[in-house]
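Listed below, chain by chain, are the residues.
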Amino acid sequence: MRILFDQGTPAPLRQSLAGHVVETAYERGWSGLDNGDLLTAAENAGFDLFITTDQNLRYQHNLSGRRLSVLVLPTTRWPQIERHATEVAAAVGSIQSGEYRELSW
């Protein structure tokens, strides 16, 4: 699976997603794009999943009809995410095409 991390998603999380290709918006040169343009660019580039910490994404953009799945983490704090890395990996493994899912812990 090709995964794109949004700006607030801690890069060390990629180590918990072995077997997937993970890139960041920054690495792609997309750090200046707003979320709507970023979602479109990710979809057009063939990404399968967008991982973000933006809790308001679903209220700001119409996500219906997209092939790109969206996984929302509840925090940007790496120590908290690291403690739940297994849950994140399980969500990545089970998310369906076009699905929007928010994690909480």
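The model shown is predicted, which means the values in this text are computed figures rather than measured ones. (Residues numbered from 1 in each chain as written. Predicted model: local features only at pLDDT ≥ 70, side-chain atom pairs only at ≥ 80, totals over all residues. Heavy atoms only, no water.)

Quick look at the overall build of the protein chain now. Within the protein chain one finds five helices and five strands. A compact globule built from 105 residues should have a C-alpha radius of gyration of about 13 Å, and the protein chain, at 12 Å, falls within 12% of that. With the C-alpha coordinates aligned to their principal axes, the bounding extent of the protein chain is approximately 30 × 25 × 25 Å. Within the span of the protein chain, comprising 105 residues, buried residues form 43% of the whole. For the protein chain, restricting intrachain contacts to residue pairs at least 6 apart in sequence, the fraction spanning at least 24 positions comes to 52%. Working note: accessible area of the protein chain is about 5,500 Å², and carbon and sulfur atoms make up 45% of it. For the protein chain, the separation between the mean place of its 9 positive charges and that of its 12 negative charges on side chains is 2 Å. (Helix = DSSP H or I, 4+ residues; strand = E, 2+ residues; numbered from the N terminus. Rg over C-alpha atoms; globule rule 2.2 N^0.38 Å. Buried < 20%, exposed > 50% of the residue type's maximum accessible area, 1.4 Å probe, protein only. Contact = heavy atoms within 4.5 Å. Areas by Shrake-Rupley, 256 points an atom, 1.4 Å probe, with all protein chains shown as cover. Lys, Arg positive; Asp, Glu negative; His and termini not counted. Charge placed at Lys NZ, Arg CZ, Asp CG, Glu CD.)

All right, on to helix 2 (residues 35-44) then. The element helix 2 is largely enclosed, with a buried count of seven among its ten residues. Regarding helix 2, the residues found buried are N35, G36, L38, L39, A41, A42 and E43. Two residues or fewer after helix 2 comes G46, characterised by a positive phi angle close to 90 degrees.

Moving on: empty space enclosed by the protein. Evaluation of the coordinates by the stated rule reveals one cavity of 30 Å³ or more. In this structure, the largest cavity encloses a volume near 30 Å³. Together, L63, R66, L68, V70, G98, E99 and Y100 line the largest cavity. Across the lining of the largest cavity, the residue classes break down as four nonpolar, one polar and two charged. (1 Å grid on protein atoms, 1.4 Å probe; cavity = no way out; pocket = protein on both sides within 12 Å on 5 of 7 lines; lining within 4 Å. Points joined across faces, edges and corners; volume = space filled by probe spheres on them. Nonpolar A, V, L, I, M, F, W, Y, C, P; charged D, E, K, R; others polar.)

Moving on to the pairing of strand 4 (residues 69-72). Residues S69 and L71 line one face of strand 4 and the alternating positions V70 and V72 line the opposite face, and both faces are buried. Pairing of strand 3 (residues 49-52) with strand 4 involves four bridges; the strand directions are parallel. Note that in strand 4 the partner of T52 across the bridge is V72. Where strand 4 meets strand 5 (residues 100-102), three bridges bridge the pair, whose relative direction is parallel. By the bridge assignment for strand 5, V70 is matched with Y100. (Pairing = 2+ DSSP bridges.)

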